[in-house]
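Notes for the structure review
Chain residues, written in single-letter form:
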Amino acid sequence: MSQDKFDQLQAVIDQYKDANGPLMPIMQKAQDIFGAVTFEVQHFIAEKMGIPMTDVYGVATFYSQFALEPKGEYLVSVCLGTACYVKGVQNVMERLKEKLGVDVGRTTKDGKFTLEATRCLGCCGLAPVMTINENVYGRLVPEDVDRILAEYAKN
């Protein structure tokens, strides 16, 4: 990670360190700068603020807004809600994991795709459903996965 980004983070820490409850806004700004609150970034924050690493890690893992690794260019969110589950989304998820070569919560080596599971996307009538960034794909079967991912792989 570049020294310039850590210099930016140091400026944020300097700005917020005397405020009440500075950890959350510092971590939010850190994620904006780095794209994630990685272990290295968490360690830097803890060291510069003089707080235990466990405090920073606890916040990073408790709040879903924080990513522990940078997200891919395309965020693939698969609904695991009841309607989607009943309609076989687990088979779609397995095909995605196989095709992308990553587990849920991970990003492909090329940084193109991040695979996430969600509880409900609010599209129960289209179950099973997934989104890629803002695009919704419904009534999925595992065989749809290759075609859909190919649309994004060529970009």
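So, here's what we can say about the structure. (Residues numbered from 1 in each chain as written. Predicted model: local features only at pLDDT ≥ 70, side-chain atom pairs only at ≥ 80, totals over all residues. Heavy atoms only, no water.)

1. Thoughts on the sheet that holds strand β1 (residues 74–79)
As summarised here, the arrangement of the four strands in space is β2-β1-β3-β4, forming an open sheet in which the pairing is mixed. Only two strands of the sheet have a single neighbouring strand rather than two, namely β2 (113–118) and β4 (135–137). Mean inter-strand twist for the sheet, computed between neighbouring axes without regard to direction, equals 20 degrees. Packed on one face of the sheet, helix α6 (residues 89–100) meets β1, β2 and β3 (130–132) and runs near 160 degrees to β2. (Pairing = 2+ DSSP bridges. Helix = DSSP H or I, 4+ residues; strand = E, 2+ residues; numbered from the N terminus. Axes fitted to C-alpha atoms, helices over the stretch in contact; angles between N-to-C directions. Contact = heavy atoms within 4.5 Å.)

2. Quick notes on the side chain of Thr114
Relative to the elements of secondary structure, Thr114 occurs in strand β2. Reaching out from Thr114, the side chain makes a polar contact with the backbone nitrogen of Gly72 at a distance of 2.4 Å. (Polar contact = N/O pair within 3.5 Å; in protein donor to acceptor, adjacent residues only side chain to side chain.)

3. A short note on unusual backbone geometry
Residues Ala127 and Pro128 are joined by a peptide bond in cis, for which omega reads -10 degrees. Relative to the elements of secondary structure, Pro128 occurs in the loop between β2 and β3. Look at Asn133: it is not a glycine, yet its phi comes out positive at around 50 degrees. Looking at the secondary structure, you find Asn133 in the loop between β3 and β4.

4. Overview of the nonpolar core
In this structure, Val76, Val78, Leu96, Leu115, Met130 and Ile132 are the most contacted members of the largest nonpolar core, which totals 23 residues. Listed by contribution, the elements that provide at least two residues to this core are β1, α6, β2, β3 and α7 (144–153). In terms of residues, this core owes the most to one element, α6, which gives five residues. Counting 19 residues, the second largest nonpolar core, distinct from the first, contains Ile26, Met27, Ala30 and Val59. (Core = buried A, V, L, I, M, F, W, Y, C linked by side-chain atoms within 4.5 Å. Buried < 20%, exposed > 50% of the residue type's maximum accessible area, 1.4 Å probe, protein only.)

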